[in-house]
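Structural characterization, general
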Amino acid sequence: YRKVSSEKPVYRFVFLRHAESVGNVESRWQGQSNYPLTEKGRAQARALCERWQREEVKFDLVITSTLARARETVRAWSVPLVAAPPGSEASPKESA
């Protein structure tokens, strides 16, 4: 991420796990199963987005899995999104 300032930008990689999903609540081993976020998970994702907005943290790019829980976690951020299938070694594809 990049903090907004007049100085030369500093780039960092941020690894973020998805917010709470239905599979988490059901104590399931999720792997590549496509469980959506729970209401609590959506609230967690919104809260993190709001925190980073207050802290003026900006992302240039988000790379995410194609699974619903991962994409839903980052949906609120207005940044380019690249989705790569789980376990994929291929180049990620642009997604809308």
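Residues numbered from 1 in each chain as written. Predicted model: local features only at pLDDT ≥ 70, side-chain atom pairs only at ≥ 80, totals over all residues. Heavy atoms only, no water.

1. So, the overall build of the protein
Note the threshold: Per the convention used, a helix needs a DSSP run of H or I reaching at least four residues, while a strand needs a run of E reaching at least two, with both numbered from the N terminus. Throughout, exposure labels follow a simple rule: accessible area from a 1.4 Å probe, protein chains only, divided by the maximum for the residue type, with under 20% read as buried, over 50% as exposed, and the rest as partly exposed.
The helix and strand inventory of the protein stands at 3 helices and 5 strands. Listed by position from the N terminus, the elements making up the protein come as β-α-α-β-β-α-β-β. A total of 96 residues make up the protein; the buried ones form 30% of that total.

2. Thoughts on helix H2 (residues 39-54)
We count it as follows: The span expected for a helix works out to 1.5 Å for each residue beyond the first. This arc is built from the directions going out from the helix axis to the C-beta atoms. Two residues form a contact once any of their heavy atoms are found within 4.5 Å.
Between its first and last C-alpha, H2 extends 23 Å over 16 residues, near the 22 Å set by a 1.5 Å rise per residue. Restricting attention to buried positions, one finds in H2 the residues Gly41, Ala45, Leu48, Cys49 and Trp52. In a view along the axis of H2, the buried residues occupy a sector of 100°, so they form one face of it. For H2, exposure combined with an orientation more than 90 degrees from the buried face picks out Glu39, Lys40, Gln53 and Arg54. Residues of H2 that are buried sit in contact with strand S2 (57-58) and helix H3 (68-74). Glutamate 56 sits one or two positions beyond H2 and adopts a positive phi of about 60°.

3. Some thoughts on the nonpolar core
This is how the line gets drawn: For our purposes a nonpolar core is just a set of buried Ala, Val, Leu, Ile, Met, Phe, Trp, Tyr and Cys residues, chained together by side-chain atoms within 4.5 Å.
Counting residues in hydrophobic clusters, the biggest one holds 8 residues: Leu48, Cys49, Trp52, Val57, Phe59, Val62, Val74 and Trp77. If you tally residues by element for this core, the top one is H2, at 3 residues.

4. A few points about the confidence of the model for the protein
As a reminder of what qualifies: Scored from 0 to 100, pLDDT reflects the predictor's confidence in each residue.
Confidence in the prediction of the protein, expressed as mean pLDDT, is 78, and 77% of residues score 70 or more. Under a pLDDT of 50 for its full length, residues 89-96 has, in the predicted model, 12 contacts with residues more than four places off or in other chains.

5. Focus: unusual backbone geometry
The phi angle at serine 27 is positive, at roughly 55°, despite the residue not being glycine. Topologically, serine 27 is positioned in the loop between helix H1 (22-25) and H2. For serine 27, a relative accessible area of 68% puts it in the exposed group. Its identity as a non-glycine residue notwithstanding, glutamate 56 has a phi of 60°, on the positive side. Tracing the sequence through the fold places glutamate 56 in the loop between H2 and S2. On the basis of relative accessibility, which here comes to 44%, the residue glutamate 56 falls in the partly exposed class.

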